[in-house]
Amino acid sequence: MSAKAIDEDGLDSALVRLESVARTYGTGQSAVVAVRDATGSVPARARLAVTGPSGSGKSTLLQLMSGLDRPTVGTVSWPALAHRHLTPTRSIAMVFQGPSLIPALNVEENVALPLVLAGQTDRDAHAAARSALALVDLTDLSDKLPEELSGGQSQRVAVARVLASRPRLILADEPTGHLDAVRGAHVIDVLLAAADQLQAALVISTHDPAVADRMTSRWRMSEGSIRTAQETVRL
Ligand SMILES: Nc1ncnc2c1ncn2[C@@H]1O[C@H](COP(=O)(O)OP(=O)(O)O)[C@@H](O)[C@H]1O
Ligand SMILES: [Mg+2]
């Protein structure tokens, strides 16, 4: 996956490309190199698992891919998304491991909020939120507050919020980390269905082999490096 993906028109079709990227936290003796010499690209429609033990740099790598964080060394670009060097934030959505819903807003308002903040009218934002909730089978929970939801339901609302903004690249950082196997599998079902529906690329970091096996390619991280980038063989 590190080879350049050039489409028929000669355009670089990678959604995100990392070139010799490193990210160091802190300076001097206390410096921690969280990601080192990372090179790779995510093509359109990718289903990529980023695996590795805790502390191996998965979250840092996803934050660099999202543009929320900047590399210390090397470059991150979004050839198929970016308007030159600007981070194409509205084409990229991130799902986090922990609770990310706003407690005072109900489910539909949580899903609509990023769209309202991006300038859509309340009416359009809520219409998009309702169709996203229908896609992840959560219409019945529209009026609930986050505190009334289970962990799995909360994560599905977080996926609906991603879906509503119609991103082309979905980055999910250990989205099943706090869930049991059945609820975790359901969240992955919903993420895969959302990515299919949007024709988006999906990148999931996980240390759960059962989650990684549902993706079609894998980057294994160890001590900040991408050790292997491989296509998963489908039998
Ligand atoms: N904000 C931070 N400040 C200092 N060190 C950090 C910070 N975030 C992560 N690290 C360190 O960077 C390394 C990689 O962390 P992380 O990317 O969170 O790995 P993973 O997601 O695989 O657990 C770890 O050694 C971690 O302690
Ligand atoms: Mg992490």
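Up top you'll find the structure we're talking about.
Residues numbered from 1 in each chain as written. Chains lettered and ligands numbered in written order. Predicted model: local features only at pLDDT ≥ 70, side-chain atom pairs only at ≥ 80, totals over all residues. Heavy atoms only, no water.

A. Inspection of the site of ligand 1 at higher detail. Taken together, the residues surrounding ligand 1 are Y25, V32, A34, P53, S54, G55, S56, G57, K58, S59 and T60. A distance of 2.6 Å separates an oxygen atom of ligand 1 from a polar backbone atom of G55. Within the side chain of S59, one N or O atom sits 2.9 Å away from an oxygen atom of ligand 1. Elements represented by at least two residues in the shell around ligand 1 include exactly β2 (32-43) and α1 (58-66). In terms of residues, the shell around ligand 1 owes the most to one element, α1, which gives three residues. Across the shell around ligand 1, the residue classes tally to four nonpolar, six polar and one charged. (Near = heavy atom within 4 Å. Polar contact = N/O pair within 3.5 Å; in protein donor to acceptor, adjacent residues only side chain to side chain. Helix = DSSP H or I, 4+ residues; strand = E, 2+ residues; numbered from the N terminus. Nonpolar A, V, L, I, M, F, W, Y, C, P; charged D, E, K, R; others polar.)

B. Layout of the nonpolar core. Residues V111, I170, L191, L202 and I204 are the most contacted members of the largest nonpolar core, which totals 40 residues. Looking at this core, the elements that each hand over two or more residues are β5 (92-95), α2 (107-117), α3 (122-135), α4 (151-164), β6 (169-173), α5 (181-198), β7 (201-206) and α6 (209-212). A per-element tally of this core places α5 first, with eight residues. Sequence-distant contacts of L191, that is, excluding residues within four places in its chain, are made with V95, V159, I170, A172, P175, L202 and I204. V16, V50, L81 and I226 belong to the second largest nonpolar core, which has 26 residues in total. (Core = buried A, V, L, I, M, F, W, Y, C linked by side-chain atoms within 4.5 Å. Buried < 20%, exposed > 50% of the residue type's maximum accessible area, 1.4 Å probe, protein only. Contact = heavy atoms within 4.5 Å.)

C. Up close: the sheet that holds strand β1 (residues 14-25). Strand order in this open sheet of three strands is β2-β1-β4, and the pairing throughout is antiparallel. Looking along the sheet, the strands with just one partner apiece sit at the ends: β2 and β4 (73-77). Going across the sheet, the axis of each strand differs from the next one's by a mean of 15°, ignoring polarity. As defined by bridge partners, β1 adjoins β2 across eight bridges and the pair is classed as antiparallel. Bridge pairing links T24 to V33 in β2. Across the face of the sheet, α1 comes into contact with β1, β2 and β4 while running at roughly 130° to β1. (Pairing = 2+ DSSP bridges. Axes fitted to C-alpha atoms, helices over the stretch in contact; angles between N-to-C directions.)

D. Representation of unusual backbone geometry. Positive phi, normally seen in glycine, also occurs at D137, with a value near 65°. Topologically, D137 is positioned in the loop between α3 and α4. Using a relative accessible area of 63% as the deciding quantity, one classes D137 as exposed. Not every positive phi belongs to a glycine, and E223 is a case in point at roughly 50°.

E. Examining the environment of Q97 more closely. Counting through the fold element by element, Q97 comes out in the loop between β5 and α2. A C-alpha to C-alpha distance of 10.0 Å links Q97 and T206, two positions 109 residues apart in sequence. Setting aside its immediate chain neighbours within four residues, Q97 contacts Q155, D173, E174, G177 and H178.

F. Structural context of the pairing of β6. Counting buried positions along β6 gives five out of five residues, so the element sits mostly inside the fold. Here β6 shows no split at all, with L169, L171 and D173 on one side and I170 and A172 on the other all buried. Examined bridge by bridge, β6 and β7 share five bridges and lie parallel to one another. The partner of I170 across the bridge, within β7, is L202. Regarding the hand of the β-α-β motif, the stretch spanning β6, α5 and β7 is right-handed. (Right-handed = clockwise from strand over helix to strand, strands pointing away.)

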